[in-house]
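# Tertiary structure, described
The chain contents come next:
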Amino acid sequence: MSLLNVKNLKKYYSAGLIKKRYSVKALDGVSFDVVPGEIFGVIGESGCGKTTLGLVLSRLERETSGEITFKGSKLSGTLKLDPETRRQIQIIFQNPYESFDPRLRIEQSLLLPMRINHICDNDAERREKILGYMKDAGFEPPDAFLNRYPHELSGGQLQRISIIRAMLLKPTFLVADECVSMLDLSVRASVVNLLLDLVERERTTVLFITHDLSLAGHVCDHIMVLYLGKMVELSTAKRIVESPLHPYTRVLMSYSPSIFKKREKINVKKLGVETAIGSGCVFEPRCPYSFEKCVEQMPPLIEIEPNHSVACWLYLKT
Amino acid sequence: MKNIVLDVQDLSVHYRINKKVIRAVEDVSFKVEEGDFVGIVGESGSGKSTLAHTIIRLLPTNAMVVSGRIELLGYDVLSLGEEDMRKIRWKEFSMVFQKSLNALSPVHKVGNQLADAMKAHNPNLTEEEIIDRLKQLLRMVNLPERVLKAYPHQLSGGMMQRIMIALALLNHPKFIIFDEATTALDVVTQGQIIEEIKSLVKSLSLTGLVISHDLGVVSELCDEIVVMYAGRLVEHGTTEQILQQPLHPYTQGLVRSLPDFAQEKKKLSGIPGNLPDLSQPVHQCVFAPRCPIATEECFKTVPSTEEIDGRRVACLKVGARI
Amino acid sequence: MRFRTDFAKRYLSSRYGLAGLIMFLTMLIMALFAPVIAPYKPTDISHDMLSPPSKVHPFGTDHLGRDVFSRVVHGARVSLTVGFVAAGLSALIGIVIGALSGYIGGVFDEVISKIIDSFLMFPVFFLILIIVAVFGRNLVYIMLVIGLTTWPSNARIMRAQTMSIKEKAFVKIARANGESPTRIIFTHIIPNGMYPVVANSAMQIGGAILTEAALSFLGLGDPSVVSWGKMINDARSYMSFAWWSIVFPGIFTVITVVTFSFIGDGLQQALYPKLSEVRNE
Ligand SMILES: Nc1ncnc2c1ncn2[C@@H]1O[C@H](COP(=O)(O)OP(=O)(O)OP(=O)(O)O)[C@@H](O)[C@H]1O
Ligand SMILES: Nc1ncnc2c1ncn2[C@@H]1O[C@H](COP(=O)(O)OP(=O)(O)OP(=O)(O)O)[C@@H](O)[C@H]1O
Ligand code: SF4
Ligand SMILES: [Mg+2]
Ligand SMILES: [Mg+2]
């Protein structure tokens, strides 16, 4: 039984309300299942639609078409959610400094959502609970931080509080959009660890969005690879990291700077000034292995091994 | 024995802002030998860019060099007059700036802007010679010639960054500083540019610095690594030494906070805490408040940079493993 | 809160802002303590008509022998009241409508934007003139009418602010947390986005004072209050030989308008500091 099922999700952005001058296919036919309790990774380069996916799934942005089923009931079609479902889906964003109302003290920023969702009976209990979470997250002494304004805290501290704010609502499903990519290396670990601890404790399912393949490989159970709005590969994290099949994933893997292992880089084709995408494979313009078929048609996503789907003609040659 | 191209001695640079003094660089010394690339790593605000700007003497007006000496390609950089400096900057040495992606004017074609930059330094070149040199430069950074006719917004981040690199190489400098030259790019483009920089460095026999907060990037490009923390040099060694056997607790923490593909799904380890307030003078090890092995002594003494087995470390508990 | 002290510091760094503030405080004291400061009652008639400035009457007297200085001092009360009430109303309406329009978006926003645009093109003073002529010459009406006709510029500013704030992560998180649109608008968007409207309102205070003066000058002012506009209107016929009865209220009107434009300038400075003053971060 899956917690979240997404079928053929599309999101096109168009500029101009009356004259639709151009449209960006931020998501173009994405389908996947998320099982309860897992950490589902979404990776891909800048602009491939990761944030869009997070916003659509957390019902902050409407999809163009497609179906989203959450705990057996349909979410797609409207942004109006009943308060209970609203509480169950939470989101954390990339920029910790933008994630807090600059005029509210941390305490208010944490209390407000709890009050709205009737977590605990009164503010005293809520405060108690907040302090407990803060303490677990390594804020010492926790109440000293509650009185501060967001600009008085560091990015790493704010991002940890951002995670606490989401987890205080006991969500079933949490979208974490690049939650460490703006932080310094030395504080990333504390943020990721806090997230992992809390979601394990509360059995929360996570959509973990990142552009960092090594981080995804480290924390996720499944990984989905997006390229220009299309799913190109989906498998367990182990498979994606150890034996990636899609040329893009392989290229990504070979270019991830690592101090542990020097990998041979796969050369990709150079992109020109104009990047026109025809009807062929989305990755064709850069793919080092492309052949005639690739220019003609976008390959479908096919499960070529158990639990391992790839959209590439290389694996469909029969 | 190779020639020393860059020699930084006891350099301290402070900023004055709102009557406060920010100690951005404190007592930093290191040398770069001919043909070597040295990486400067450290978290945001540790003074990496300030160090680079001091070396090419492009500090903002509220900055002051409090002490130290910099010798670059035989020039005593800090005592050179502004006029003399202008003659050699960009010719003898140059820099690719952090956040340089929007350095070009959006309303002029890339080619014209590059040509102007070239003319400014070589007034005697003819139009044709300039165009020839530009084309040659573009080939060097793997860009098609048609980018000369493009406007900056028509180019991707990777292409723009290659242009900035081309711009820095315009006058064939001997020494170059890359300040976060690949940071804003996606992994594949970053990887490609790193490869390109590698081959450029080899073919032009350049010497220089690579500044990045990303140990991965630095380890790909550099022979040696300088680790900075809160404006101070905490460790300096060969890339292998730093990555395989970091001595300073801060470097150890940095190396261990990298996720690794090979690792089991286990906790990442990081360094709890934040960079200290740089406007307060310190009379202790700057890293002590975050250091897992700090003892009372660390809160009383400023550690000096000691040389051990051909590498330099500023830690009172040197060699101690966590 | 650092934001506030920074704001004050930047405001005071503007020379105009500082001058405006000092002038405004002087005027406020004048208005608050008018009965103490003014040597006579503003309505006291005497036989000493149209006498030039002297020791007993520093600004001279008007055609009914009333002390011009005392009337100017009391007039400050009316002018400031008109300015604050009208601009306040205008700000209130503008903020609410602008925030709603920017937040809700879609067709509602298109309609509101069209209304704002047409208002901004329409010569508002004539509208005010007509309304006052029809509904009567009452100070309350005058203030209401000015407020009700000048909000569109505020709404436009607030709408732009709202559009940028609603894309910020904290607003998206508030939505995910289940905060209602009303709550989001009133607790997050308006408090964070209203400062530019405040700066604009300072300028509008000057404008409202001028409008009231103009109405009074045209004989459409409230007959039961002492206002600078009305004094100027009264003094018109004696202008050629009793300059003081028209010059002093005139000067004060101009100074007041300048004061609020200075304050607006200071607020602008504080809100949009020059690039050179922003620390690069
Ligand atoms: N509100 C919008 N209006 C128009 N286009 C948009 C909008 N939001 C996103 N896009 C476009 O949709 C595409 C996907 O954007 P998205 O932000 O989802 O990418 P991303 O994978 O999160 O990238 P990054 O790693 O840079 O955050 C991009 O081409 C982007 O320009
Ligand atoms: N012009 C300036 N005026 C005042 N302080 C400054 C100025 N430029 C930098 N600083 C401060 O000096 C310190 C060092 O900054 P620097 O830019 O050298 O760091 P960095 O290591 O390059 O960081 P990053 O990785 O973010 O680029 C920081 O605390 C910064 O806030
Ligand atoms: S389908 Fe062709 S172009 Fe696309 S990834 Fe596979 S080989 Fe490359
Ligand atoms: Mg994103
Ligand atoms: Mg820097």
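For the structure, check the block above.
Everything in this summary refers to the structure shown in the same document.

Before going further, it helps to examine the interface of chain B and chain A. Listed as interface residues are 44 residues of chain B and, on the opposing side, 41 residues of chain A. Across the chain B to chain A interface the summed buried area is about 3700 Å²; carbon plus sulfur atoms make up 61%. Counting across the chain B and chain A interface gives zero salt bridges. Here chain B and chain A share four residue pairs in polar contact (both at pLDDT 80 or more) between them. Going through the elements one at a time, helix 6 (187–203), helix 7 (215–221) and helix 9 (249–256) of chain B are the ones with two or more residues in the side of chain B that touches chain A.

Among the nonpolar cores identified, the biggest contains 72 residues, and M134(A), L195(A) and F208(A) are the most heavily contacted of them. The element that contributes the greatest number of residues to this core is helix 7 (residues 185–202) of chain A, accounting for nine residues. Each of two domains, domain 1 (4–242) and domain 2 (249–318) of chain A, supplies a minimum of three residues to this core. The contacts of F208(A), once residues within four sequence positions are left out, are I39(A), F40(A), G41(A), V42(A), A176(A), C179(A), L195(A), L215(A), V219(A) and C220(A). If you look at the next biggest cluster of nonpolar residues, it comprises 64 residues, including M118(B), V141(B), V201(B) and L221(B).

All names here are of chain B. Here we have eight strands laid out as an open sheet, ordered 6-7-8-3-9-10-12-11, and mixed in their pairing. Only two strands of the sheet have a single partner each, and these edge strands are strand 6 (93–96) and strand 11 (306–308). Each strand axis lies, on average, 20° off the axis of its neighbour in the sheet, ignoring direction. Here strand 7 (residues 175–179) pairs with strand 8 (residues 207–211) via five bridges, running parallel. For D179, the partnering residue across the bridge sits in strand 8 and is I211. Most of the contacts of helix 5 (residues 157–169) go to strand 6, to which it runs at about 170°, and overall it touches strand 6 and strand 7.

This paragraph deals with the pattern of salt bridges. Residues and elements named next belong to chain B. Per the stated rule, a full pass over the model turns up 37 salt bridges over all chains. For E43, the salt bridge goes to R290, with nearest N and O atoms at 3.3 Å. Here R290 lies in the loop between helix 9 and strand 11 and E43 lies in the loop between strand 3 (37–41) and helix 1 (48–55), a separation of 247 residues in the sequence. Overall, E43 belongs to the buried group, its relative accessible area being 7%. We note a salt bridge from K174 to E92, for which the minimum N-O separation is 3.2 Å. Of this pair, K174 sits in the loop between helix 5 and strand 7 while E92 sits in the loop between helix 2 (82–88) and strand 6, placing them 82 residues apart in sequence. Using a relative accessible area of 19% as the deciding quantity, one classes E92 as buried.

If you walk through the whole model with that rule in mind, you get 23 aromatic pairs over all chains. Relative to F145(A), the ring of F139(A) lies with its centre 4.9 Å away and its plane at 70°, an arrangement referred to as edge-to-face. Look at F139(A) and you get buried, because its relative accessible area is 1%. For F145(A), a relative accessible area of 9% gives the class buried. Ring centres 5.1 Å apart and planes at 90° place the aromatic pair F59(C) and F69(C) in the edge-to-face group. On the criterion of sequence distance, the pair formed by F59(C) in the loop between helix 3 (34–37) and helix 4 (68–104) and F69(C) in helix 4 is long-range, its members being 10 residues apart. For F59(C), a relative accessible area of 13% corresponds to the buried category.

Glancing now at the packing of helix 4 of chain C against helix 10 (residues 195–217) of chain C. Helices that pack against each other are described as a pair by the angle of their axes relative to one another and the distance between those axes. Residues and elements named next belong to chain C. Interhelical geometry of helix 4 versus helix 10 gives an angle of 135° and a closest axis separation of 8 Å. Considering their axes alone, helix 4 and helix 10 lie oblique with respect to each other. With respect to the hand of their crossing, helix 4 and helix 10 are arranged in right-handed fashion. Along the contact surface, helix 4 presents S79, V82, G83, F84, A86, A87, S90, A91 and I95, while helix 10 presents V197, S201, Q204, I205, A208, I209 and E212.

Cut-off values and rules
Residues numbered from 1 in each chain as written. Chains lettered and ligands numbered in written order. Predicted model: local features only at pLDDT ≥ 70, side-chain atom pairs only at ≥ 80, totals over all residues. Heavy atoms only, no water. Contact = heavy atoms within 4.5 Å. Buried area = accessible area lost by both parts, 1.4 Å probe. Salt bridge = Lys/Arg side-chain N within 4 Å of Asp/Glu carboxyl O. Polar contact = N/O pair within 3.5 Å; in protein donor to acceptor, adjacent residues only side chain to side chain. Helix = DSSP H or I, 4+ residues; strand = E, 2+ residues; numbered from the N terminus. Core = buried A, V, L, I, M, F, W, Y, C linked by side-chain atoms within 4.5 Å. Buried < 20%, exposed > 50% of the residue type's maximum accessible area, 1.4 Å probe, protein only. Domains from an automatic or database assignment. Pairing = 2+ DSSP bridges. Axes fitted to C-alpha atoms, helices over the stretch in contact; angles between N-to-C directions. Phe/Tyr/Trp six-rings, centres within 6.5 Å; stacked < 30°, edge-to-face > 60°. Parallel < 35°, antiparallel > 145°, perpendicular 65-115°, else oblique. Left-handed = near helix turned anticlockwise from the far one by under 90°.

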